[in-house]
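The primary structure of each chain is shown beneath.
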Amino acid sequence: SEFYVFLAQNISDNIRSAVGISFTYPLSTSTVYDDEMQGVISADITFDSLSEFCNRSIQQAVEALGNVNSTNPDNFLLFAVFSDGTLVASSDPVDYNSNQTNISLVQASDSQNGIIANLSSFIDYSVPANDTQFFGYKLGNGSCPGINQFSDIVTEGIVQPGLISDCLYVAYAEVESVPFGRIRHNSSLKFTTVIVLPYSALFSDLLERLSEAQLQSMEDLKKENQSLKNEIVRNSLVLVIMVVLLGIGAGFLVAILFTKSLRKLAKSMRRLGDLKFQKNYKYYSRIKEINTLQQSFYTLRASILVFSKFVPTTVVQNIVTNESKARQLHVEKKKVTILFSDIKGFTSISEALEKEDLLRLLSTYLTLMSRTVESYSGVVGEILGDGILAFWNTPDNVDSHAAKAVASALAQQRSLEFVNKQFKGMLEANGLEPLSIRIGIHTGEVLTGIFGSKNKFKFGCMGDAVNLASRLEGVCKLYGVDIICSGSTLAELPERNFEVRELDLVQVKGKSSDTKLYEVLGMTQKISEQRPALFSNGITASSEQFSSGFSNRKSFWSWKSREDKGQGKELSSDESTWGPVSFFEQKQLCSRDMYEDALHCFQNGSMEQAKAILENVKEKFGSDTATDLLLQRVIAAMEKGPEHYQADNWTGVLKLSDKEF
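Residues numbered from 1 in each chain as written. Predicted model: local features only at pLDDT ≥ 70, side-chain atom pairs only at ≥ 80, totals over all residues. Heavy atoms only, no water.

Okay, helix 12 (residues 355-375) next. Spanning 21 residues, helix 12 covers 30 Å between terminal C-alpha atoms, matching the ideal 30 Å at 1.5 Å per step. Buried within helix 12 are the following residues: Leu-358, Leu-361, Leu-362, Tyr-365, Leu-366, Leu-368, Met-369, Ser-370, Thr-372, Val-373 and Ser-375. Two residues or fewer after helix 12 comes Ser-377, characterised by a positive phi angle close to 65°. (Helix = DSSP H or I, 4+ residues; strand = E, 2+ residues; numbered from the N terminus. Expected span 1.5 Å × (residues − 1). Buried < 20%, exposed > 50% of the residue type's maximum accessible area, 1.4 Å probe, protein only.)

Rendered as structure tokens:
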């Protein structure tokens, strides 16, 4: 506002009226203030407050000048005048009496201070002074030598006191309010600030120096005096400007904006270090520099999110958190469980479907299977077209990793029902059967870590155990089963939690040692060691104890065919545990036991007994691929004669020559 008379009122016990200026600033949550106005900040500054500041500034100037006891203190002045000549502040506040009821604005030319009134005839306040102006003024309207006319004031190092007696040094300049930070005024205040200092005060330090060293160069005295003069004027003007603009308050508001934005950005960075991408909330600061930093951070966050889909999450997290090993080639020997899965007949499926339908089907399938693996603490190492390579116990240590891998395989088979249900119409329209998958699981020591060259890295596992897991997935086709695990994996499983069927003893191509194969039938009891974050209904189930008649496996030999009332293999949901627990029918377990007895007879060379058991299995329970294959091998051995299967080197091992196995 302009300088004005405040409404007459009892402002305080000693102040009845006052003059001054007012500042206002709108508060809004939008840069368009008319849309979302919240309030207004207002501040009043009275003539007495401004004059008190001027008085303190003059006192500081007096202290800076040193010993000026011999100088009249009334000759030190600092005052401010609007362009219309109104006096707005003075270190000698004699013109406004706050105790008066009626008070009016005072022109500088009418000031009760004679120096202020007289200087008004030398200074035109209505004409802007872009630069600081200086001149000498003598009380009584006499003339004074210019401040730079040292040759007239000092002769051979001796000051001529008569030339500077009653002389005053006057400096004035126009001051205008300026924007600070992001707070801007709709209009600016322009006024002239005038400072008056006695010549004798300015030269007090100079007199002392000349008395101690009269031979000092006059040029050095000019430089010192000029430097002192500029410092006093500069400090006075800076202090006045800071008070007018309420710099402290504005700086506080700006600091709040900075710290709020930086705190939010720091929180987002901590979440990024933990690879937490659930929330997609973005906050942008109004401060340009911080806004630029935030945009760069969100771009980095999106890039890391995509990167984590190519590489196991733990590996990405180690890179982000600056783990030393994560940024260089390294391997370690570790026992892990490897899982290979593949869609049966995928070549025929890919030829029958349009590419868009194929992509949609494959994306849905791989997404569901990948989440199933991860929900059981596994890591998807690679997507192999329609297949998945997954690891347990690397790069992070996983308790019961073999059990979790087998449970994950069972959960994948169960989750496949959701995919077939969703794409049933599309598959039938193209003459395709529902999807089915084969899974091979093996546990063994591998070299695991980051492999590659200096320019390209890849996380994975390397070793014979990886190759064997891949071969086991192919062997599923030979035996007509869905899931096969090796004897090494079975040895790691907890007792009485899984039902398996011993399939065979084989020697895959490229290996000299034999491998025991087991078909994974399902889970019989829940494992409550740690519940993973499961995502689909039916993957987690509770277990029910079988009837006491199942405690003796050989008792199933007396099982007779009957109509079962239960549905069989129905899951019972219990979210306190993990693993797709199944209910087994008596005939399923009885068939399993008879098959295993026939296999053992075959491996021991008792062909007649093995043949009799297998024919009994086919008669009571029907045929399956594994039973037919074993029966063919028994008949083939019997055709070669006892000298073949009763030899000392007979083991019944099936040697698989095809690399697919």
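Back to the write-up after that little detour.
The two faces of the sheet receive side chains in turn, since in a regular strand these alternate between them. Counting buried positions along strand 14 (residues 437-452) gives 13 out of 16 residues, so the element sits mostly inside the fold. Both strand 11 (residues 330-343) and strand 14 contribute to a ladder of 14 bridges, which runs antiparallel. Looking at strand 14, one finds that Val-336 is bridged to Gly-444. Both strand 14 and strand 16 (residues 483-486) contribute to a ladder of 3 bridges, which runs parallel. Paired with Gly-440 across the two strands is Ile-484, which belongs to strand 16. (Pairing = 2+ DSSP bridges.)

Below, the discussion takes up helix 19 (residues 625-640). Under the 1.5 Å per step criterion, the end-to-end length of helix 19 is 23 Å for 16 residues, consistent within 8% with the ideal 22 Å. Listed in full, the buried residues belonging to helix 19 are Ala-626, Thr-627, Leu-629, Leu-630, Leu-631, Arg-633, Val-634 and Ala-637. For helix 19, the elements touching its buried residues are helix 15 (464-479), strand 17 (498-507), helix 17 (586-604), helix 18 (607-621), helix 20 (642-645) and strand 19 (654-655). Following helix 19 by one or two positions, Gly-641 has its phi on the positive side, about 100°. (Contact = heavy atoms within 4.5 Å.)

Our next topic: a nonpolar patch on the surface. Taken together, the side chains of Val-331, Leu-447 and Met-462 present a nonpolar region at the surface, about 240 Å² in accessible area. For Met-462, the position within the fold is in strand 15 (residues 457-462). (Patch = residues over 30% accessible without salt bridge, like charges linked within 9 Å, V, L, I, M, F, W, Y side chains within 5 Å. Areas by Shrake-Rupley, 256 points an atom, 1.4 Å probe, with all protein chains shown as cover. Salt bridge = Lys/Arg side-chain N within 4 Å of Asp/Glu carboxyl O.)

Once that is clear, we can look at unusual backbone geometry. For the bond from Thr-394 to Pro-395, the omega torsion is 0°, close enough to zero to count as cis. Here Pro-395 lies in the loop between strand 13 (387-392) and helix 13 (401-422). The phi torsion at Ser-377 lies on the positive side, around 65°, for a residue other than glycine. Among the structural elements, Ser-377 can be located in the loop between helix 12 and strand 12 (379-384).

Turning our eyes to something else, we now look at the nonpolar core. One broad rule of soluble globular proteins: the nonpolar side chains tend to lie buried together. Core analysis: the largest hydrophobic core is formed by 48 residues, its most contacted members being Ile-343, Ile-349, Leu-361, Tyr-365, Trp-392, Ile-441 and Phe-498. When residues in this core are grouped by element, the largest group, 10 residues, is from helix 13. In contact with Ile-441, other than residues within four places in its own chain, are Thr-337, Ile-338, Leu-339, Ala-405, Val-406, Ala-409, Leu-472, Ile-483, Ile-484, Cys-485, Ser-486 and Thr-489. Formed by 33 residues, the second largest nonpolar core is a distinct cluster that contains Leu-503, Leu-631, Trp-650 and Leu-654. (Core = buried A, V, L, I, M, F, W, Y, C linked by side-chain atoms within 4.5 Å.)

This part takes up the side chain of Arg-592. Turning to its location among the elements, Arg-592 is positioned in helix 17. Overall, Arg-592 belongs to the buried group, its relative accessible area being 7%. Polar contacts involving the side chain of Arg-592 include one to the main-chain carbonyl oxygen of Val-500, which spans 2.8 Å. (Polar contact = N/O pair within 3.5 Å; in protein donor to acceptor, adjacent residues only side chain to side chain.)

All right, on to the packing of helix 18 against helix 19 then. At their nearest, the axes of helix 18 and helix 19 sit 10 Å apart, and the two run at 150° to each other. In terms of orientation, helix 18 and helix 19 fall into the roughly antiparallel class. Helix-helix and strand crossings are classified by hand; for helix 18 and helix 19 the assignment is left-handed. On helix 19, the residues touching Met-607, Glu-608, Ala-610, Lys-611, Leu-614, Val-617 and Lys-618 of helix 18 are Thr-627, Asp-628, Leu-630, Leu-631, Val-634, Ala-637 and Met-638. Classifying every residue of the contact of helix 18 with helix 19 gives 9 nonpolar, 1 polar and 4 charged. (Axes fitted to C-alpha atoms, helices over the stretch in contact; angles between N-to-C directions. Parallel < 35°, antiparallel > 145°, perpendicular 65-115°, else oblique. Left-handed = near helix turned anticlockwise from the far one by under 90°. Nonpolar A, V, L, I, M, F, W, Y, C, P; charged D, E, K, R; others polar.)

Two packed helices can be described by the angle between their axes and the distance between those axes. Closest axis-to-axis distance for the helix 17/helix 18 pair is 8 Å, and the angle between their directions is 160°. Considering their axes alone, helix 17 and helix 18 lie roughly antiparallel with respect to each other. When you trace helix 17 past helix 18, the crossing you get is left-handed. The segment helix 17 lies against helix 18, with Lys-587, Cys-590, Ser-591, Met-594, Tyr-595, Asp-597, Ala-598, Cys-601 and Phe-602 engaging Met-607, Gln-609, Ala-610, Ile-613, Leu-614, Asn-616, Val-617 and Phe-621. Considered class by class, the residues forming the contact of helix 17 with helix 18 number 12 nonpolar, 3 polar and 2 charged.

Moving on to the sheet that holds strand 10 (residues 190-198). Read from one edge of the open sheet, 5 strands run 5-4-10-9-6, paired in antiparallel fashion. What marks the edges here is a single partner per strand, and that holds for strand 5 (87-90) and strand 6 (133-138). In this sheet, neighbouring strand axes are inclined to one another by 20° on average, regardless of whether the strands run parallel or antiparallel. Inspection of the sheet shows strand 4 (residues 77-82) paired to strand 10 by 6 bridges, in the antiparallel sense. Residue pairing across strands places Ala-80 opposite Thr-193, the latter belonging to strand 10. Against the sheet, helix 1 (residues 47-65) makes contact with strand 4, strand 5 and strand 10, and its axis sits at roughly 40° relative to strand 5, the strand it touches most.

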